[in-house]
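Given next are the chains, with one letter for each unit.
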Amino acid sequence: MNMLDKGSGEAVAPYFESEEFDRRRDAVRHAMSGRGIDTLLVSAPENIFYLTGLDHWGYFAPHILVVPADGEMILLTRAMEKVTIANQVRNARFEGHHDGETVADLLGRVLSGRLGSVGIESWSSGLPHGLAEALKERLTASRFLDASGLIDDIRMVKSPAEQALMRATAKVSDAGAQAAIEAIAEGASERHVAAEAERAMIEAGGTFPGFGPFIRSTRRLGEEHTTWTSDRFGTGDAVFLELTGCVARYHAPLGRLIHVGHAAKETYEMAALTADAFAAVVGAMREGVLFRDVYAAWQGVVDRAGLSHYRRHHCGYVVGIGLPPSWTGGNKVTGLRRDSDIVLKTGMSFHVLSWLMGTGRGDFFVSNAVLLGPSGAEVLTRTPSGVTVR
């Protein structure tokens, strides 16, 4: 069950009841046992959030969550975060360091004696190389093991409470998309569209997402991770729009291609093809299916349309918890790729993209948040996906 502020109706950290956090901690400890890890040092902000509910902007400074095989968890970071952590974290003891030392110095004092085997998240954005080296210098362990992905894999399957947050987030995403689309017009600026999208999502109950909205017009359509400028739209422009709401750190992205003034005939043909390919992906998403077979369903539609030369690196990726600078859940993308043997499980959620840009036969794309729920694949975001001319 989500923890809500009864006065405002808004989600308030730590967002979940203690039983939810207990289940997560126990699942992590089970995975630790399977890897022979006695003590796990969690440094990825998304994973610390998953286990404790700590939601703040303080993750720019390293945090370490100590997860022992049994007993109390310990959360270490700058001492100045004491009040925030006291307000949000119920299941871990806080230890703070002053700014004249590092979290590694503090950890060396807090964890005395031999620790057995220690797992570290070697590929975590929260564990810079210098900190990793300092940890190894200050801790006495029988061995250090790479625990990258241990918690990430568990996080892929969302609990019923998390699934409810994904649905709530999708409504915020739709509010932002609707406001953005309504703001697109000849003479309007990318900046204005971004402002309207952000305003709508905040007022709809959202908080800051991992990425801000991506808004690009025709001259920058080929760029990937850039966003608004002061460019103004002209007749014939195509406007790339990709955004997500964020509720309690959960994300439900969507994307649309909007046209200003008119759209070419081939745009409508490509829109129909992207819709068919998207439907094929959703139809293929079932418990036990491999990620690569979901991608094959998308590619099959594209191939049959005479575009067998066209390939994508994926047709979607796992989403859920996200913290800046990404809504992908960390510094990697777990994609529905042609070579992935990951198995779909009920509770997984995705940003599914049917993307046909630069085909030589017109451009179009549509993307939505999709949850593999108890009754099958559920498209969470509902913004109209056909050709839209503003």
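Everything discussed here concerns the structure shown above.
Below or above, wherever it landed, is the structure these notes cover.

The rules we used
Residues numbered from 1 in each chain as written. Predicted model: local features only at pLDDT ≥ 70, side-chain atom pairs only at ≥ 80, totals over all residues. Heavy atoms only, no water. Helix = DSSP H or I, 4+ residues; strand = E, 2+ residues; numbered from the N terminus. Buried < 20%, exposed > 50% of the residue type's maximum accessible area, 1.4 Å probe, protein only. Lys, Arg positive; Asp, Glu negative; His and termini not counted. Salt bridge = Lys/Arg side-chain N within 4 Å of Asp/Glu carboxyl O. Contact = heavy atoms within 4.5 Å. Phe/Tyr/Trp six-rings, centres within 6.5 Å; stacked < 30°, edge-to-face > 60°. Lys NZ or Arg CZ within 6 Å of the ring centre and 35° of its normal. Pairing = 2+ DSSP bridges. Axes fitted to C-alpha atoms, helices over the stretch in contact; angles between N-to-C directions. Parallel < 35°, antiparallel > 145°, perpendicular 65-115°, else oblique. Left-handed = near helix turned anticlockwise from the far one by under 90°. Nonpolar A, V, L, I, M, F, W, Y, C, P; charged D, E, K, R; others polar. 1 Å grid on protein atoms, 1.4 Å probe; cavity = no way out; pocket = protein on both sides within 12 Å on 5 of 7 lines; lining within 4 Å. Points joined across faces, edges and corners; volume = space filled by probe spheres on them.

As a further point, take the side chain of D174. Structurally, D174 is set in helix α7 (residues 160-183). The buried charged residue D174 lacks any salt bridge, with R256 as its nearest oppositely charged partner at 5.6 Å. In this view, D174 contacts L254, L380, T381, R382 and T383; residues no more than four positions away in its chain are not counted.

Summed over all chains, the structure comprises 12 aromatic pairs. Taken together, a centroid distance of 4.7 Å and an interplanar angle of 45° make the contact between W57 and F208 tilted. With a gap of 151 residues between them, W57 in the loop between α2 (45-52) and β4 (64-68) and F208 in the loop between α8 (190-203) and β9 (214-216) connect regions that are remote in the sequence. The exposure class of W57 is exposed, given its relative accessible area of 65%. Each member of the aromatic cluster is reached from another via a ring pair, and the members are F16, F21 and Y250. Geometry around F240 places R216 over its ring, the cationic atom sitting 4.3 Å from the centre. The side chain of R249 reaches across the aromatic face of F208, ending 4.2 Å from its centre.

This next bit is on the sheet that holds strand β3 (residues 39-42). To summarise the sheet geometry, strands pair through backbone hydrogen bonds and adopt either a parallel or an antiparallel arrangement. The six strands lie next to each other as β6-β5-β4-β3-β7-β8, forming an open sheet whose pairing is mixed. Of all strands in the sheet, those with a lone pairing partner are β6 (92-97) and β8 (143-146), marking the two edges. Adjacent strand axes in the sheet meet at a mean angle of 20°, parallel and antiparallel pairs treated alike. Sheet topology note: the strand β5 (residues 73-78)/β6 ladder contains six bridges and is parallel.

With that out of the way, let us pick up the packing of helix α4 (residues 103-110) against helix α5 (residues 129-138). It is the contact of α4 with α5, at a shortest axis distance of 9 Å, that shows an interaxial angle of 20°. By the criterion of interaxial angle, the relationship of α4 to α5 is roughly parallel. As α4 packs across α5, the resulting crossing turns out to be right-handed. Two secondary-structure elements touch here, α4 through V103, A104, D105, L107 and G108 and α5 through L131, A134, L135 and R138. Broken down by class, the residue content of the contact of α4 with α5 amounts to six nonpolar, one polar and two charged.

A few words on empty space enclosed by the protein. Applying the stated criterion to the full structure yields one cavity of 30 Å³ or more. Of the pockets and cavities examined, the largest cavity occupies roughly 30 Å³. Looking at the largest cavity, the residues that line it are R256, L257, I258, F364, F365, P384, S385, G386 and T388. Looking at the lining of the largest cavity, the elements that each hand over two or more residues are β13 (254-259) and β16 (364-373). With three residues, β13 is the largest single contributor of residues to the lining of the largest cavity. Within the lining of the largest cavity, the residues separate by chemical class into five nonpolar, three polar and one charged.

By themselves these figures say nothing about function.
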